[in-house]
Amino acid sequence: MTKHGVSTTVSGEQYEKFYSSHRGKKVTRIMYDWRDPDTNELFSCVAPTLNECRHKRGEWIARQRKN
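Conventions and cut-offs
- Residues numbered from 1 in each chain as written.
- Predicted model: local features only at pLDDT ≥ 70, side-chain atom pairs only at ≥ 80, totals over all residues.
- Heavy atoms only, no water.
- Helix = DSSP H or I, 4+ residues; strand = E, 2+ residues; numbered from the N terminus.
- Buried < 20%, exposed > 50% of the residue type's maximum accessible area, 1.4 Å probe, protein only.
- Core = buried A, V, L, I, M, F, W, Y, C linked by side-chain atoms within 4.5 Å.
- Contact = heavy atoms within 4.5 Å.
- Phe/Tyr/Trp six-rings, centres within 6.5 Å; stacked < 30°, edge-to-face > 60°.
- Lys NZ or Arg CZ within 6 Å of the ring centre and 35° of its normal.

A. Looking closely at unusual backbone geometry. Backbone geometry at R23 places phi at a positive 50 degrees, although glycine is not the residue there. Within the secondary structure, R23 sits in the loop between β3 (12-22) and β4 (25-35). Under the relative-accessibility criterion, R23 is labelled exposed at 77%. In this model, N40 sits at a positive phi of 70 degrees, which is unusual for a non-glycine residue. With respect to the helices and strands, the residue N40 is situated in the loop between β4 and β5 (42-47).

Here it is in structure tokens:
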């Protein structure tokens, strides 16, 4: 998803699952990038599920369109 610390997402969404440790337990996380095909702006987040990432993206898009 990144090359030299820069997102490689050209257009649309890209995500990857990784594991982290929280209070001694292994937890799954999703690293999510989405690039707006019209404005070329990048949205990135980390969340427990892909659906939650997409929900956060939807909220971000709504805020962007209000401005």
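Read on for the rest.
B. Highlighting the nonpolar core. I30, Y32, W34, F43, C45, A47, L50, C53, W60 and I61 form the largest nonpolar core, which has 10 residues in total. Of all the elements in the fold, those that place two or more residues in this core are β4, β5 and α1 (50-66). Top contributing element to this core by residue count: α1, with 4 residues. Discounting chain neighbours no more than four positions away, the residues touching I30 are Y15, E16, K17, F18, C45, V46, A47, P48, T49, L50 and C53.

C. Representation of the packing of aromatic side chains within the structure. Under the criterion given, the structure shown has 3 aromatic pairs. For the pair Y32 and F43, a centre-to-centre distance of 6.4 Å together with 65 degrees between the ring planes defines the contact as edge-to-face. Separated by 11 residues along the polypeptide, Y32 in strand β4 and F43 in strand β5 bring together distant segments of the chain. Measuring from ring centre to ring centre gives 5.4 Å for F43 and W60, while their planes differ by 40 degrees; the resulting arrangement is tilted. Here F43, found in strand β5, pairs with W60, found in helix α1; they are 17 residues apart in sequence, far enough to count as distant. An aromatic cluster is defined as three or more aromatic residues linked by ring pairs; in this entry it consists of Y32, W34, F43 and W60. Taking the ring centre of Y19 as reference, the NZ or CZ of K26 above it sits at 4.5 Å.

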